[in-house]
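Residue-level structural notes
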Amino acid sequence: MTTLAAVDCGTNSLRLLISRVEVVDGVLEITELHRLMEIVRLGQGVDATGMLAPEALERVREALTKYAELMQVERVQAVRMVATSATRDASNRDDFFAMTREILAPWGAEAEVISGDEEAALSFRGAVDDLEPELGPYCVIDVGGGSTEVIVGDHDGTVAGSDSVAMGSVRLTERFLQASPPTAEQVQEARSYVAELADEIIAKVPVDKARTIVGCAGTFTTLSALAQGLETYDPEAIHLSQLRFGALRALTASVVETDAESLAANPVMHPKRADVFAGGSIIVDGLMDMFEALPLSEAAKEEQRFFYISEKDILDGIVASLVDTHIAVSYTHL
């Protein structure tokens, strides 16, 4: 039995997954022990200044220290921490890496910057894990704080194409959506920006080949919780739920017209996500526009007119990568 931990440091949140891994009679069994999230807003102001703010680094330090204490309690044997959009180009990113190296010293680990392509591949691996293979090819979309990853592939991990584009909920909010709720002019500027990047996605990724669209990470999962009218955030109710485009457009329109304070009052909304949620919703709208504009048959379009929502994402992909490294036996993954 091996206990593994994955840490994902994105532009908006710092997340932890601790899993126990066993191989029983050649069958791999992965048991989730803890899945935690802290909104640390590491990307605060990075788009404008090119630097990680000292207060943002301190928020990461506090959250990561708590995670490390829990990993010690659970006797975690190996850790992988990935850092995505906010740290790729920050001029003071060495301060961030030194801090993670200090905290993760018991495991000889530190944060590693991964490319947009690897980020997409890890998200894909986690997101499709619980979906039926015959639903593929899949298009997995991970909307983050600073970037959005799009990858098309099959259940066995064969990738047909991927792209990472510089549109995320924090980035759109800081660049375009200064008012709360945003003005019509601000919304239109944000929509135009998303549409340009959607054209880039179409040029690089064969999204027209996907049979099933999968949305993962906080924007999508929170939209699902709102659509279902949940009284509390319930991962089991959200995982593998479906959001049809028509109803989802009505929901995102309502989100964009609502101020952050009112959004934060909803019990399914993480209060520190509320101020960037309109930005994430505008991205989702632009992605629906992208899919609906594809030159597909009516039958194919019907298959593409909803999102499967996955609670599994890059964290699960990171654990899977650790399994590949640390579980040195032949196994079948259920």
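One can find the structure itself at the top, above this paragraph.
Now for a quick tour of the structure. Per-chain numbering applies: the sequence of each chain, read as written, is numbered from 1 onward. Totals for whole chains, interfaces and linings use all residues, but because this is a predicted model, local features are given only for residues with pLDDT of at least 70 and pairs of side-chain atoms are given and counted only at 80 or more. Side-chain figures throughout are based on the complete set of non-hydrogen atoms in the structure, without hydrogens or water.

1. A short note on helix α2 (residues 54-73)
Given a rise of 1.5 Å per residue, 20 residues ought to cover 28 Å, and the 29 Å separating the end C-alpha atoms of α2 matches this to within 8%. Burial classification: accessible surface area is computed with a 1.4 Å probe over protein chains only, and a residue below 20% of its type maximum counts as buried, one above 50% as exposed, and the rest as partly exposed. Runs of H or I in DSSP of at least four residues are treated as helices and runs of E of at least two as strands, each being numbered from the N terminus. Burial in α2 covers these residues: Ala56, Leu57, Val60, Ala63, Leu64, Tyr67, Ala68 and Met71. End-on view of α2: buried residues confined to an arc of 150°, all on one side of the axis. Opposite the buried face of α2, by more than 90 degrees, sit the exposed residues Pro54, Lys66, Glu69 and Val73. In this analysis, two residues are considered to be in contact whenever any of their non-hydrogen atoms come within 4.5 Å of each other. Elements that come into contact with the buried residues of α2 comprise β1 (2-9), β2 (13-24), β3 (27-39), β4 (78-83) and α4 (93-103). Here the expected length of a helix is defined as 1.5 Å per residue gap, with one fewer gap than residues. The arc in question is the one spanned by the directions pointing from the helix axis to the C-beta atoms.

2. Digging into the pairing of strand β11 (residues 306-310)
Of all five residues making up β11, five are buried, and the element is well covered by its neighbours. Of the two faces of β11, both are covered, the one formed by Phe306, Tyr308 and Ser310 as well as the one formed by Phe307 and Ile309.

3. Brief notes about unusual backbone geometry
Cis geometry is adopted by the peptide bond preceding proline 137, which originates at glycine 136 and carries an omega value of 0°. Here the bond from serine 180 into proline 181 is cis, since omega is 0°, no more than 30 degrees from zero. Here proline 181 shows up in the loop between α6 (169-175) and α7 (184-204). With a phi angle near 70°, leucine 240 is a residue other than glycine that sits in the positive phi range.

4. Considerations on the side chain of threonine 221
Along the polypeptide, threonine 221 turns up in helix α8 (residues 218-227). Classification of threonine 221 as buried rests on a relative accessible area of 5%. There is a polar contact of 3.3 Å between the side chain of threonine 221 and the backbone oxygen of glycine 218. Two N or O atoms form a polar contact when they lie within 3.5 Å of each other; inside protein one atom must be a possible hydrogen donor and the other a possible acceptor, and for residues adjacent in sequence the pair counts only when both atoms belong to side chains. Here the side chain of threonine 221 touches tyrosine 233 through a polar contact of 3.0 Å, side chain to side chain.

5. Regarding the packing of helix α10 (residues 245-256) against helix α12 (residues 277-292)
The angle between the axes and the distance between the axes are what describe a pair of packed helices. In this description, a line fitted to the C-alpha atoms serves as the axis of each element, helices being fitted only across the stretch in contact, and the angle between N-to-C directions of two axes falls anywhere from 0 to 180 degrees. Where α10 contacts α12, the axes come no closer than 9 Å and their chain directions differ by 150°. Judged by the angle between their axes, α10 and α12 are roughly antiparallel. Between α10 and α12 lies a crossing of left-handed hand. Within the contact between the two elements, α10 uses Phe245, Leu248, Arg249, Thr252, Val255 and Val256 and α12 uses Phe277, Ala278, Ser281, Ile282, Val284, Asp285, Met288, Asp289, Phe291 and Glu292. Under the scheme applied here, ten amino acids are nonpolar (Ala, Val, Leu, Ile, Met, Phe, Trp, Tyr, Cys and Pro), four are charged (Asp, Glu, Lys and Arg), and all others, including Gly, are polar. By residue class, the composition of the contact of α10 with α12 is 10 nonpolar, two polar and four charged. When describing relative orientation, an angle under 35 degrees is termed roughly parallel and one over 145 degrees roughly antiparallel, while 65 to 115 degrees is termed roughly perpendicular and anything else oblique. For a crossing to be left-handed, the near helix must be turned anticlockwise from the far one by less than a right angle; the clockwise case is right-handed.

6. A few points about the sheet that holds strand β7 (residues 148-153)
Read from one edge to the other, the open sheet built from six strands follows the order β8-β7-β6-β9-β11-β10, with strand pairing classed as mixed. Of all strands in the sheet, those bounded by a partner on one side alone are β8 (159-165) and β10 (241-244). Neighbour to neighbour, the strand axes of the sheet diverge by 25° on average, direction disregarded. Inspection of the sheet shows strand β6 (residues 138-143) paired to strand β9 (residues 212-216) by five bridges, in the parallel sense. Residue pairing in the sheet places isoleucine 141 in a bridge with glycine 215 of β9. Relative to the sheet, α12 contacts β6, β7, β9 and β11, its axis offset from that of β6 by approximately 160°. One bridge is not enough; two strands pair if DSSP finds at least two bridges between them.

7. Overview of the environment of glycine 229
Along the chain, glycine 229 falls in the loop between α8 and α9 (235-238). Exposure remark for glycine 229: the relative accessible area of 53% places this residue in the exposed category. The spacing of glycine 229 and valine 268 is 39 residues in sequence and 8.9 Å in space, taken between C-alpha atoms.

8. Considerations on the packing of aromatic side chains
Planes of paired rings set the category: under 30 degrees apart is stacked, over 60 is edge-to-face and the rest tilted, where pairs are Phe, Tyr or Trp rings (Trp by its six-membered ring) whose centres lie within 6.5 Å. Per the stated rule, a full pass over the model turns up six aromatic pairs. Where phenylalanine 96 meets phenylalanine 97, the ring centres are 5.2 Å apart and the plane angle is 70°; that geometry is what we call edge-to-face. Considered together, phenylalanine 96 and phenylalanine 97 belong to a single accessibility category, that of buried residues. Here the aromatic residues Phe220, Phe245 and Phe307 are joined through ring pairs into a cluster of three or more.

9. Topic: the pattern of salt bridges
Here, a salt bridge means any side-chain nitrogen of Lys or Arg that lies within 4 Å of a carboxyl oxygen of Asp or Glu. Applying the stated criterion to the full structure yields 19 salt bridges. Glutamate 32 serves as the salt-bridge partner of arginine 35, at 2.8 Å between the closest nitrogen and oxygen. Classification of glutamate 32 as partly exposed rests on a relative accessible area of 45%. Residues lysine 312 and aspartate 130 are paired through a salt bridge, measuring 3.3 Å at the closest nitrogen-oxygen approach. Remark: aspartate 130 occurs in the loop between α5 (116-127) and β6 and lysine 312 occurs in the loop between β11 and α14 (314-326); sequence separation between them is 182 residues. Judged by relative accessible area, which is 34%, aspartate 130 ranks as partly exposed. A network of salt bridges, in which partner residues are shared, links Arg191, Arg249, Asp285, Asp289 and Glu292.

Read these as geometric descriptors, not functional statements.
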